[in-house]
Amino acid sequence: MTEPLATPAEVRLLARDRHAVIFAHNYQRAEVQSVADVVGDSLELARRAAAVSAEVIVLAGVRFMAETAKILAPAKTVLLPRSDAGCPMADMITADQLSAWKAEHPGVPVVMYVNSSAEVKALTDVCCTSANAVEVVRSLGADKVLFGPDRNLGAWIAAQLPEVEMILWDGYCPVHDQVTLERVREAKAAHPGAPVIAHPECRPDVTAEADAVLSTSQMLRWSAKAGEPEIIVVTEGGLLTGLAKAAPETRFIGLTPPMLCPNMKLTRLDHVRDALRDLSGAVSVPPDVAAAARGSLERMTAIG
Ligand code: 13P
Ligand code: SF4
């Protein structure tokens, strides 16, 4: 017999019984966001995980987010409802590759985007998210920085901090990197006067065209304040759920075809229900890796 589809009320009851909180990233499906205690960007989810009092955290997002929560809250059970929800960019640099890269640049501080594995974070001086990347690099006061895995976020930081030589790894987000300037200009031509907000994972020519380059939660706050009739949004389509709530008077224009992250879209309400009911999908990080990675994440959450 097929199991009935989960309902939001059932999921909330299970969360109460399990002493659990549900965290959802801003790109998650609306049905998942609707049951979450916290919906946020990577920095907010990391900070909230570090401060959580519940015993269980269900992390509706991708693996690096669940690993980050586990490293920052080691005593908690962290459940990733879909164990196959990864981030292709996080797989674009391995710990061995980072070790070899560091050996080529002795003494140069290493900043890694939080979209990376726990093993890579363990070899990193400080992590950053899209919300605090510029502040994190500035805080080092260094004239040279090794940055990865996202070459586009690295190029964005370099444009803001010309005094720092950014040595970039060649990784990228397949969802944001495929957006061309031409597509953005088409949207602008169809909606004259509408400002463009873009995520810093987009290519440099796209971020240069944007009116604001922001993390996902920063986009929500920016749009709520802007009071614009129309805004062109250059990030993953799941953010449109939050944008419609944050600024109900604004019409948000996504690109055509829509930008969708297949990994972010794997998690459905049923998977959240199953994880809570069965306490399945627990994320573990080897203690030596977690201990080595914790410092770089704690420095990240303290900045910006
Ligand atoms: P934010 O931290 O801005 O939410 O971005 C996470 C992410 O994976 C973007 O693709
Ligand atoms: Fe990774 Fe890009 Fe998906 Fe974000 S949108 S989780 S960076 S693949």
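Nothing here was measured: the structure is a model prediction, and the numbers come from that model.

> How would you explain the sheet that holds strand 6 (residues 126–128) if you had to name every residue and give the values?
Pairing within the open sheet is parallel, and its four strands lie in the order 6-5-7-8. Pairing within the sheet leaves two strands with one partner each, and these edge strands are strand 6 and strand 8 (165–168). Across the sheet, the axes of successive neighbouring strands diverge by a mean angle of 30°, strand direction being ignored. Where strand 5 (residues 110–113) meets strand 7 (residues 144–148), three bridges bridge the pair, whose relative direction is parallel. Within strand 7, the residue paired with Val110 across the bridge is Leu146. Running over the sheet, helix 7 (residues 133–140) touches strand 5, strand 6, strand 7 and strand 8 and is turned about 155° from strand 6.

> Break down the pattern of salt bridges for me, with residues and values.
For the coordinates displayed, the defined rule picks out 19 salt bridges. The partner of Arg16 in a salt bridge is Asp17, with the nearest N and O atoms 3.6 Å apart. A relative accessible area of 58% places Arg16 in the exposed class. A salt bridge links Asp274 to Arg277; the shortest N-O distance between them is 3.4 Å. Of this pair, Asp274 and Arg277 are both found in helix 14 (residues 269–278), three residues apart, which corresponds to roughly one turn of the helix.

> Describe in detail the packing of helix 1 (residues 8–17) against helix 14, supporting the description with residues and values.
Axis separation between helix 1 and helix 14 bottoms out at 9 Å; the angle between their running directions is 25°. In terms of their interaxial angle, helix 1 and helix 14 are classed as roughly parallel. Crossing handedness for the pair helix 1 and helix 14: left-handed. Note on element contacts: helix 14 touches helix 1 through Leu269, Val272, Arg273, Leu276 and Arg277, opposite Pro8, Glu10, Val11, Leu14 and Ala15. The residue inventory of the contact of helix 1 with helix 14, partitioned by class, reads seven nonpolar, no polar and three charged.

> Break down the site of ligand 2 for me, with residues and values.
Lining the immediate environment of ligand 2, one finds Tyr27, Cys87, Pro88, Met89, Asn115, Cys173, Glu201, Cys261 and Met264. Tallied by class, residues from the shell around ligand 2 come to seven nonpolar, one polar and one charged.

> Summarise the site of ligand 1; cite the residues concerned and give the values.
Around ligand 1, the structure places His25, Tyr27, Asp41, Ser42, Asn115, Ser130, His176, His199, Glu201, Ser215 and Thr216. At a separation of 2.6 Å, an oxygen atom of ligand 1 approaches a polar side-chain atom of His25. Thr216 has a polar side-chain atom sitting 2.5 Å from an oxygen atom of ligand 1. When the free accessible area of ligand 1 is taken as 300 Å², the share hidden by the protein chains comes to 95%. Here the residues of the shell around ligand 1 are counted per class, giving one nonpolar, eight polar and two charged.

> Break down the environment of Asp91 for me, citing the residues and quoting the values.
Counting through the fold element by element, Asp91 comes out in the loop between strand 4 (77–79) and helix 5 (95–104). You can call Asp91 exposed: its relative accessible area is 62%. In sequence terms Asp91 and Thr301 are 210 residues apart; their C-alpha atoms lie 22 Å from each other.

> Residues and numbers for the packing of helix 4 (residues 63–72) against helix 15 (residues 287–302), please.
Helix 15 packs onto helix 4 with a crossing angle of 100° between their chain directions and a minimal axis gap of 9 Å. With respect to their mutual orientation, helix 4 and helix 15 come out roughly perpendicular. In this structure, helix 4 uses Thr68, Ile71 and Leu72 to contact helix 15, whose residues at the interface are Ala290, Ala293, Arg294, Leu297, Glu298 and Thr301. Of the residues that constitute the contact of helix 4 with helix 15, the class distribution is five nonpolar, two polar and two charged.

> Can you lay out empty space enclosed by the protein for me, pointing to particular residues and giving the numbers?
Summed over all chains, the structure comprises one cavity of 30 Å³ or more. Considered as a void within the structure, the largest cavity measures approximately 60 Å³ in volume. Taken together, Ser42, Leu45, Ala46, Ala49, Leu59, Phe64, Met65, Thr68, Ala69 and Val114 make up the full set of residues lining the largest cavity. Residue assignment for the lining of the largest cavity shows that the elements contributing at least two residues are helix 3 (42–50) and helix 4. Looking at side-chain class alone, the lining of the largest cavity contains eight nonpolar, two polar and no charged residues.

> Can you explain the layout of surface pockets? Please cite residues and give values.
In this structure, the largest pocket occupies an estimated 280 Å³ of space. Around the largest pocket sit 30 residues that line it, and Tyr27, Cys87, Asn115, Glu201 and Met264 are the ones nearest its centre. If you list the elements that add at least two residues to the lining of the largest pocket, you get helix 3, helix 4 and helix 9 (174–177). Ranked by residue count, the leading element in the lining of the largest pocket is helix 9, at three residues. Together, Ser130, Ala131, Ala133, Val134, Glu135, Trp156, Pro200, Val213, Leu214, Ser215 and Gln218 line the second largest pocket. By residue number, the principal contributor to the lining of the second largest pocket is helix 7, which donates three residues. Here the lining of the second largest pocket is composed, by residue class, of seven nonpolar, three polar and one charged.

Conventions used here
Per chain, the residues get numbers from 1 upward, laid out in the order the sequence is written. Here every chain gets a letter starting at A, and every ligand a number starting at 1, in the order they are written. Thresholds applied to this predicted model are a pLDDT of at least 70 for local features of residues and 80 or more for the giving and counting of side-chain atom pairs; totals over whole chains, interfaces and linings are not thresholded and use all residues. As a convention, hydrogens and water are excluded, and side-chain values are obtained from all of the structure's heavy atoms. Strands pair, by our definition, only if DSSP identifies at least two bridges between them. By definition, any uninterrupted DSSP run of H or I lasting at least four residues is a helix, any uninterrupted run of E lasting at least two residues is a strand, and each is numbered from the N terminus. Here an angle of 0 to 180 degrees is reported between the N-to-C directions of two axes, which are lines fitted to C-alpha atoms, with helices fitted over the stretch in contact. Should any heavy atoms of two residues lie within 4.5 Å, those residues are considered in contact. We define a salt bridge as a contact between a side-chain nitrogen of Lys or Arg and a carboxyl oxygen of Asp or Glu at a distance within 4 Å. Residue burial is assigned from relative accessible area. The probe radius is 1.4 Å, only protein chains are included, and a residue is buried under 20% of its type maximum, exposed over 50%, and partly exposed in between. Orientation categories follow fixed angle ranges, with anything under 35 degrees roughly parallel, anything over 145 roughly antiparallel, 65 to 115 roughly perpendicular, and all other angles oblique. By definition, turning the near helix anticlockwise from the far helix through less than a right angle yields a left-handed crossing, and turning it clockwise yields a right-handed one. Classes in brief: Ala, Val, Leu, Ile, Met, Phe, Trp, Tyr, Cys and Pro nonpolar; Asp, Glu, Lys and Arg charged; the others, Gly included, polar. By convention in these notes, a residue is near a molecule or strand provided one of its non-hydrogen atoms lies within 4 Å of it. By the criterion applied in these results, polar contacts are pairs of N or O atoms within 3.5 Å in which, for protein atoms, one can donate a hydrogen and the other can accept it, and in which residues neighboring in sequence qualify only through two side-chain atoms. The Shrake-Rupley method, run with a 1.4 Å probe, gives the accessible areas here. Residue values count only the displayed protein chains as cover. Both cavities and pockets are sets of points on a 1 Å grid over the protein atoms alone; in a cavity a 1.4 Å probe fits but cannot get out, in a pocket the set is open with protein on both sides within 12 Å along at least five of seven lines, and lining residues sit with an atom within 4 Å of a point. Grid points are joined across faces, edges and corners, and a volume is the space filled by probe spheres set on the points.

That is the geometry; function is a separate question.
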